[in-house]
Amino acid sequence: MCCVSVVYLGPGGLDLLDVLDTYGAKYVTLTLALFEVLTFAWVYGVDRICRDIRFMLRRETGLFWRACWGVGAPLLIAFILLVSFISYVPLKVPPEYNVAGWILYAVAIVQLPLWAIYAILTQDEKGYRNRMQAAFRPSKSWGPESDTIREQYHQLEEEVVCAASRYPRRRLVQCLYNRMFH
């Protein structure tokens, strides 16, 4: 690592540090954080997160946290990322440095769809649609490591599903709620 860091001691070292900080830290981090929060809230689901918290801590999470995780955080991060791109000004470094910065950003971000495609293609289900749905669902082995605790965890999930189906008048509201928070 000492040999790698010597690059920053050269005449263009501080310029290189600025490029890596701007393109590698600022833009990559904000973009990955946005997709992570979207995955957390919309793929795994806020409802499932709240059930996990209830199962682990025996505490209910309120509407405030659901709104923050499901809507607030993704919108805030997307807004910050959008403002960062809109207010982008190329760094005052040689043009090759800025090009290298955008290549660094592209290499980091292109991994998102590539790993998603890999996850879809490695599913056991038949048909693209079924593989895609399976890739965006927790696996059957998901949950606590202990078999007895995992059984309790899945039993809690079944109770929640059964309780939701007992009230047919609420199906439309439940469907919209599940789309937003599940």
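The structure we're discussing is the one just above.
Let me begin by describing the structure that accompanies this report. Since the structure is predicted, the reported quantities are computational estimates derived from the model, not experimental observations.

So, about the packing of helix α2 (residues 13-57) against helix α4 (residues 95-121). Running from N to C, α2 and α4 point in directions that differ by 25°, and their axes come no closer than 9 Å. Accordingly, the angle class assigned to the pair α2 and α4 is roughly parallel. Pair α2 / α4 crosses with right-handed handedness. Seen from α2, the contacting residues are Asp-15, Leu-16, Val-19, Leu-20, Tyr-23, Gly-24, Tyr-27, Val-28, Thr-31, Leu-32 and Phe-35; seen from α4, they are Tyr-97, Asn-98, Gly-101, Trp-102, Leu-104, Tyr-105, Ala-108, Ile-109 and Leu-112. Of the residues belonging to the contact of α2 with α4, the class tally is 15 nonpolar, 4 polar and 1 charged.

Size it by volume and the second largest pocket reaches roughly 450 Å³. Lining the second largest pocket are 16 residues, and of these Thr-39, Val-43, Leu-112, Ala-116 and Phe-136 lie nearest its centre. Where the lining of the second largest pocket is concerned, the elements lending two or more residues are α2 and α4. At 7 residues, α2 tops the list of elements feeding residues into the lining of the second largest pocket. Its residues assigned to classes, the lining of the second largest pocket shows 13 nonpolar, 1 polar and 2 charged.

Not every positive phi belongs to a glycine, and Arg-58 is a case in point at roughly 60°. Its location among the elements puts Arg-58 in the loop between α2 and α3 (63-86).

It is worth spelling out the pattern of salt bridges at this point. Across all of its chains, the model carries 3 salt bridges by this definition. With a closest N to O distance of 3.3 Å, Arg-66 and Asp-47 form a salt bridge. Of this pair, Arg-66 sits in helix α3 while Asp-47 is found in helix α2, placing the two residues 19 residues apart along the sequence. Asp-47 shares its class with Arg-66; the two are buried. For Arg-150, the salt bridge goes to Asp-147, with nearest N and O atoms at 3.3 Å. Residue Arg-150 and its partner Asp-147 are located together in helix α6 (residues 147-165), separated by 3 residues, close to a single helical turn.

Attention shifts here to a nonpolar patch on the surface. A grouping of Tyr-8, Leu-14, Leu-17, Leu-20 and Leu-104 is seen on the molecular surface, where their side chains present a nonpolar patch of about 420 Å² in accessible area. Ranked by residues supplied to the nonpolar patch, first place goes to α2 with 3 residues. Structurally, Leu-14 is set in helix α2.

Attention now goes to the side chain of Thr-31. With respect to the element layout, Thr-31 can be found in helix α2. Residue class for Thr-31 comes out buried when judged on its relative accessible area of 4%.

The next point concerns the environment of Trp-65. On the secondary structure map, Trp-65 appears in helix α3. Along the sequence, Trp-65 and Cys-50 sit 15 residues apart, while their C-alpha atoms lie 9.0 Å from each other.

Ranked by size, the top nonpolar core spans 10 residues in total: Ala-41, Tyr-44, Val-46, Ile-49, Cys-50, Ile-53, Phe-55, Trp-69, Tyr-153 and Leu-156. Taken together, the elements giving at least two residues each to this core come down to α2 and α6. In this structure Trp-69 touches Val-37, Phe-40, Ala-41, Val-46, Ile-49, Cys-50, Ile-53, Thr-61 and Pro-74, once residues within four positions along its chain are discounted. Counting residues in each nonpolar core, the second largest holds 7 residues, with Val-19, Tyr-27, Val-28 and Val-93 among its members.

What counts and how
- Residues numbered from 1 in each chain as written.
- Predicted model: local features only at pLDDT ≥ 70, side-chain atom pairs only at ≥ 80, totals over all residues.
- Heavy atoms only, no water.
- Axes fitted to C-alpha atoms, helices over the stretch in contact; angles between N-to-C directions.
- Helix = DSSP H or I, 4+ residues; strand = E, 2+ residues; numbered from the N terminus.
- Parallel < 35°, antiparallel > 145°, perpendicular 65-115°, else oblique.
- Left-handed = near helix turned anticlockwise from the far one by under 90°.
- Contact = heavy atoms within 4.5 Å.
- Nonpolar A, V, L, I, M, F, W, Y, C, P; charged D, E, K, R; others polar.
- 1 Å grid on protein atoms, 1.4 Å probe; cavity = no way out; pocket = protein on both sides within 12 Å on 5 of 7 lines; lining within 4 Å.
- Points joined across faces, edges and corners; volume = space filled by probe spheres on them.
- Salt bridge = Lys/Arg side-chain N within 4 Å of Asp/Glu carboxyl O.
- Buried < 20%, exposed > 50% of the residue type's maximum accessible area, 1.4 Å probe, protein only.
- Patch = residues over 30% accessible without salt bridge, like charges linked within 9 Å, V, L, I, M, F, W, Y side chains within 5 Å.
- Areas by Shrake-Rupley, 256 points an atom, 1.4 Å probe, with all protein chains shown as cover.
- Core = buried A, V, L, I, M, F, W, Y, C linked by side-chain atoms within 4.5 Å.

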